Amino acid sequence: MLLFLLKRLAALVPVLLGVSFLVFLMVELAPGDVTTLLLGPLASEEAKATLRKTLGLDQPILIQYAKWLEHVLGGDFGVSIATSRRVVDLLAPRLLATVILGGASLALTIVFGVAVGVITAARAGGLVDRVTQSVVLVIGNLPPYWLGLVLVFAFSLQFRWFPTSGMRSVSGNGGVTDVLNHLVLPAVTTAAAPAAVVAAMVRAAIIEVMGLDYIRVARAKGVPRRTIILKHAMRNALPTIVTIIGLQMGYLFGGALFSEVVFAWPGLGQLLYTSIVGRDLPVIQASVLAIALVFVLVNLAIDMLNRALDPRGQHA
Amino acid sequence: MPDPVRHPSHLLGYASKAWRNLGPLVAAAFLALVVTLAILAPWLPIADPLDADPSKRIAAIGTHDLWLGGDNQGRDILARLIWGARISLAIAVAPTLVATLVSLFLGIAAGYHGRWLDHIIMRTLDVFFAFPLVLLAIAIAGILQPGVLTEIVAITVVLVPYVTRVARTSAGQVASQTYIEAARASGASVGALLLRYVLPNAAPPVLVYATTLCGLMIVVGSGLSFLGLGVQPPAADWGAMVADGGVVLRKAAHATLLPGLMIVLAALAFSTLGEALREALDPRSNRRRSS
Amino acid sequence: MTALASAEELPLLDVKNLRVSFHTAEGRLRAVDGVSFSVRAGRVLCIVGESGSGKSVTAQAILRLVDAAGAQVAGQALYRGRDLLQLSETEMEGLRGDRISLVFQNPMTGLNPAFPVGEQVAEGLRLHQGLGRRAARARAIELLAQVGIPHPESRCDDYPHQFSGGMRQRILIAGAIACEPDVLIADEPTTALDVSVQAQILKLLKSLQQELENALVLITHDLGVVAAIADDVMVMYAGRVVEQAPTEILFDKPLHPYTLGLLSAYNDGGQGFEPIPGQPPVPIDLPPGCAFRDRCSRATDACAAEAPALRAVATAHVVACHLVVGAAQ
């Protein structure tokens, strides 16, 4: 297991280098001359050339990348053009907010996705199953930004159950319940589509396992149906289910990005959005890198979990 | 022999079989309708989508001769939906088409040639897979100047890794078939081999995947527009309309609900078509004959 | 019409006019079309037939394990006087594995790969007899020993993939007899195994039956198995019973043309089906008349007009054939 982890970490290094290079490149290729941005449109060519030299922009791309990487690894992401603060200082609280939203959304996705999947598999072919399948299909295609607004309309504006935005109340008692209250709508928005997809796939996985011979044998032993699904089928479908959930990570992250914008949830996604609007390049760079890093680590964790559940790599 | 009582699942079986056949037709008809309206937009007897009338701001559905009401600037929502369809569909379909072409090329190269070419291509793509799709799209679109072309470029770039992966798996499977070896042995040139044998056989799963992706890209593309990275105001596009409507959510929810509904329906339509295509092309369809 | 003429003991399992049909795209498939038989404690009944004759479906129908949508089961299956086809699912769950067990023909896939074999053997005990973990494990070890698994104490915690096909079949049998059921139905328990292993499994089943004094129903297509172990035989064709008799009588004086064909092939050294030309019909919309007539060398017009009924030609010997009248040909 440890060996597997080390191997995967080793394989990650080139990928992370590639990722950082890509992020670096994206900003380098961004239209607009940095020197004009910093010095203003009336600056002379000489001044721009001098600045360029000072900033090291006349060097070959790879050298610039190496320098940049050196800074990044030392925790220096530069300074935000908009706020003149160190970018890295902006990241930490944002990361926490995104992790909270992401964690809650993941929990919702797993709980509802698996529960609905198991229930519909148990009643496969019946009315409940068919209706649920249609509902699940529709939910799986809902745009998170639209769903967020719909939920705000219904539950914030009409019913006044939840606040419309932010992570904490302005009249800040700011405690856990306050955050949870603000968390509900964004988390549901983020989790809806992935949960629907998980439900459909879990249902298929369990139905497939239920058709296998050892399930028939268990039935012939008189094992009650509920035990068959929850113990015999689930145990064998578990690795597949974990894989299914892992595949939804991309959607979860995407949904979280939109949710943070719609609900002004102060996470990395919203930071990215505001920095794009403000063309704050260092912050764009840093937030993209941070989100990508989290994504890579989450995927690694899922791989490890999969490995732990099924070391032989063979399951029904 | 007891009476063959209609088991409830029997009827449901018929209903679901009917939908299985009818669903794709409905989806195709819907898309055809939307595309036709979008293409014919300049000649349709509808209002000017850019005509902002302050007296009609957030008009309710049916008032002031506005079939679907007015948006936050008093523009005709129906007109904007139809004109918006041109862009919303374009930013989903065009990138998918381009990405599919590029991916078929890359995927077949990787899957058929194998070895180092496969390795290089797939390792490079791994870097792209390290990003969530939406993040990369937003980042690319955010870096470039906002506009429809930006959106198309961003989505195309983001799609290529995913479609290439499917194309490469498909091409790899085809390459290991005996008829390929036979053709090779009979002296066919590599180009002819790829074009006449590998491409037609490797393409179907890729096309099915691409069709399903169109649905997803309508959502993602409109999402980019929602964030303001695409069409610039006052041009109409479903995603931008959702964002505009969000401002007046309390008083005029229809301004957001309607364009969003279009996105959902279009996405569902593509998704249904993709499913139907998959079932039609899958020779190993293992549905039991009995319902 | 029951084939066994016993008067001393009531049958443990008494199946009467069992009918099972499925809905298919081509029409109603009558997999089992009026099958009756009974078994008593201490006796072995073999149900013989080609694949598609309906023998497996018969076994599954008795235990109410036929699940397909559109399936219809009719008739009676009396276990100690209770009709299994009328019981609730919960009542059936109580009987399955406890009083009536079914062993399937799939040693390689019949065990759950995720759980140790001991747990799977003990499952019935924990379920039906309420045994605790430790007691169940101890009993499972005994059972593994009984079916001939060497070193059961250590192998009890091994996983199915660590055993050979023959061993897995033994483990499945152990799980099936754990609660000492009155009736054990084994569906082709040796088909998926090597010839050498087959004999061992049959010996095991026979000795278990003698120990536990249950009724054993063995489903097979191999007449060699019948000869080795059966007390009574029931021959099925296209979902119907064509002949039933005690083993010696069937081998000595077979009457139905199908049985004759099987036995001649068997005596020539095969298992019994190859030389009969043709295929059994798929029982969908069968025309009236005997289902075997297309392959029967002695078919007459009467065979096409009306399906023959099972008639007793001697005590404990019934045949369904127009050409067999009375006690002699």
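Conventions adopted
- Residues numbered from 1 in each chain as written.
- Chains lettered and ligands numbered in written order.
- Predicted model: local features only at pLDDT ≥ 70, side-chain atom pairs only at ≥ 80, totals over all residues.
- Helix = DSSP H or I, 4+ residues; strand = E, 2+ residues; numbered from the N terminus.
- Rg over C-alpha atoms; globule rule 2.2 N^0.38 Å.
- Contact = placed C-beta atoms within 7 Å.
- Buried ≥ 20, exposed ≤ 12 C-beta atoms within 10 Å, placed from the backbone.
- Axes fitted to C-alpha atoms, helices over the stretch in contact; angles between N-to-C directions.
- Parallel < 35°, antiparallel > 145°, perpendicular 65-115°, else oblique.
- Left-handed = near helix turned anticlockwise from the far one by under 90°.
- Pairing = 2+ DSSP bridges.
- Expected span 1.5 Å × (residues − 1).
- Bend = angle between axes of the 7 residues up to and from the residue.
- Nonpolar A, V, L, I, M, F, W, Y, C, P; charged D, E, K, R; others polar.
- pLDDT = per-residue confidence, 0-100.

Colleague: I tried to follow the overall build of chain C on my own but got confused; where do I start?
Modeller: Check the secondary structure of chain C and you find 11 helices and 12 strands. A compact globule built from 329 residues should have a C-alpha radius of gyration of about 20 Å, and chain C, at 20 Å, falls within 12% of that. Across its three principal axes, chain C shows a C-alpha extent of roughly 65 × 45 × 45 Å. Contacts in chain C between residues at least 24 apart in sequence constitute 64% of all its contacts with a sequence separation of at least 6.

Colleague: Just checking my understanding: could you explain the overall build of chain B for this structure?
Modeller: Counting secondary structure elements, chain B contains nine helices and zero strands. Scanning chain B from its N terminus toward the C terminus, one meets helices and strands in the order α-α-α-α-α-α-α-α-α. Projecting the C-alpha coordinates of chain B onto the three principal axes gives extents of approximately 75 × 70 × 35 Å. Looking at chain B as a whole, 46% of its 291 residues qualify as buried.

Colleague: Looking at this structure, how should I read the packing of helix H5 (residues 87–122) of chain A against helix H11 (residues 249–262) of chain A?
Modeller: Two numbers describe a pair of packed helices, the interaxial angle and the distance between the axes. All names here are of chain A. Contact pair H5 / H11: the axes reach a minimum separation of 10 Å and the direction vectors enclose 125 degrees. With respect to H11, the axis of H5 lies oblique. In terms of crossing hand, the pair formed by H5 and H11 is right-handed. Residue-level contacts link Thr98, Leu101, Gly102, Ser105, Leu106 and Thr109 of H5 to Leu252, Ala256, Ser259 and Glu260 of H11.

Colleague: For this particular structure, what's the right way to read the sheet that holds strand S1 (residues 13–24) of chain C?
Modeller: Paired through their backbone hydrogen bonds, the strands of a sheet run either parallel or antiparallel. Residues and elements named next belong to chain C. Spatial ordering of the open sheet is given by S2-S1-S4-S5, a layout of four strands whose pairing is antiparallel. Two strands in the sheet have a free side with no partner beyond their single neighbour: strand S2 (27–39) and strand S5 (82–83). Across seven bridges, the pairing between S1 and strand S4 (residues 72–79) is antiparallel. Among the inter-strand pairings, Val20 is bridged to a residue of S4, identified as Val73.

Colleague: Before we go on, may I ask you to explain H5 of chain A in this structure?
Modeller: Given 3.6 residues per helical turn, the α-helix brings residues three or four places apart onto the same face. The end-to-end C-alpha distance of H5 of chain A is 51 Å, a good match for the 52 Å that 36 residues give at a rise of 1.5 Å each. A bend of about 25 degrees at Pro93 of chain A is the largest found in H5 of chain A.

Colleague: Please clarify how the interface of chain A and chain B should be interpreted in this entry.
Modeller: Interface size is commonly expressed as the accessible area that is lost once the parts come together. Of the residues lining the interface, 38 residues belong to chain A; the matching set on chain B comes to 37 residues. Secondary structure elements with two or more residues in the side of chain A that touches chain B: helix H1 (2–28), helix H6 (127–140), helix H7 (144–158), H11, helix H12 (268–277) and helix H13 (281–309) of chain A. Taken together, the residues of the side of chain A that touches chain B break down into 31 nonpolar, six polar and one charged.

Colleague: Explain the packing of helix H7 (residues 190–226) of chain B against helix H8 (residues 238–247) of chain B to me, please; I cannot follow it from the model alone.
Modeller: All names here are of chain B. Relative orientation of the contacting elements H7 and H8 amounts to 50 degrees, with a least axis distance of 7 Å. Put simply, H7 runs oblique to H8. By crossing handedness, the relation of H7 to H8 is classed as right-handed. The segment H7 lies against H8, with Ser222, Gly223, Leu224, Ser225 and Phe226 engaging Trp238, Gly239, Ala240, Val242 and Ala243. Split by residue class, the contact of H7 with H8 holds six nonpolar, four polar and no charged.

Colleague: Mind showing me how you'd approach the pairing of S2 of chain C here?
Modeller: Walk down a regular strand and you will see the side chains alternate between the two sheet faces. All names here are of chain C. Across 10 bridges, S1 lies against S2 in antiparallel orientation. Each bridged residue has a counterpart across the sheet, and for Val20 the counterpart in S2 is Val32. Taking the residues that link successive antiparallel strands as the turn, the S1-S2 hairpin has two residues.

Colleague: What am I meant to see in the pairing of S4 of chain C here?
Modeller: Residues and elements named next belong to chain C. Pairing geometry for S4 and S5, over two bridges, is antiparallel. Each bridged residue has a counterpart across the sheet, and for Leu78 the counterpart in S5 is Asp83. The turn joining S4 and S5, which pair antiparallel and follow one another in sequence, is formed by two residues; a positive phi near 45 degrees is taken by Arg80.

Colleague: Even after reading the chapter, I still don't get unusual backbone geometry, so can you show me in this structure?
Modeller: Only a minority of non-glycine residues have a phi that is not negative, and only a minority of peptide bonds are not trans. For the peptide bond that leads from Pro233 of chain B to Pro234 of chain B, omega is 5 degrees, which places it in the cis range. With a phi close to 50 degrees, Arg279 of chain A is a non-glycine residue in the positive phi region. Along the polypeptide, Arg279 of chain A turns up in the loop between H12 and H13. You will see that Glu180 of chain C, though not glycine, has its phi angle at about 55 degrees, which is positive. For Glu180 of chain C, a count of 16 C-beta atoms within 10 Å puts it in the partly exposed group.

Colleague: What should I look at first to understand the confidence of the model for chain B in this one?
Modeller: When pLDDT is low, close inspection of the predicted coordinates is not appropriate. All names here are of chain B. Averaged over every residue, the pLDDT of chain B is 84; the share at 70 or more is 91%. Throughout residues 1–8 the model reports pLDDT below 50, and contacts reaching past four residues in sequence, or to other chains, amount to eight contacts. In this model residues 285–291 is a low-confidence stretch, pLDDT under 50, and it forms 15 contacts with partners more than four residues away in sequence or in other chains.

Colleague: Can you walk me through the environment of Leu260 of chain C in this structure?
Modeller: Residue and element names in this part refer to chain C. Inspection of the secondary structure puts Leu260 in helix H10 (residues 257–267). Judged by the 16 C-beta atoms lying within 10 Å of it, Leu260 falls in the partly exposed class. Taking the C-alpha atoms as reference points, Leu260 and Glu89, 171 residues apart in sequence, are found 41 Å from one another.

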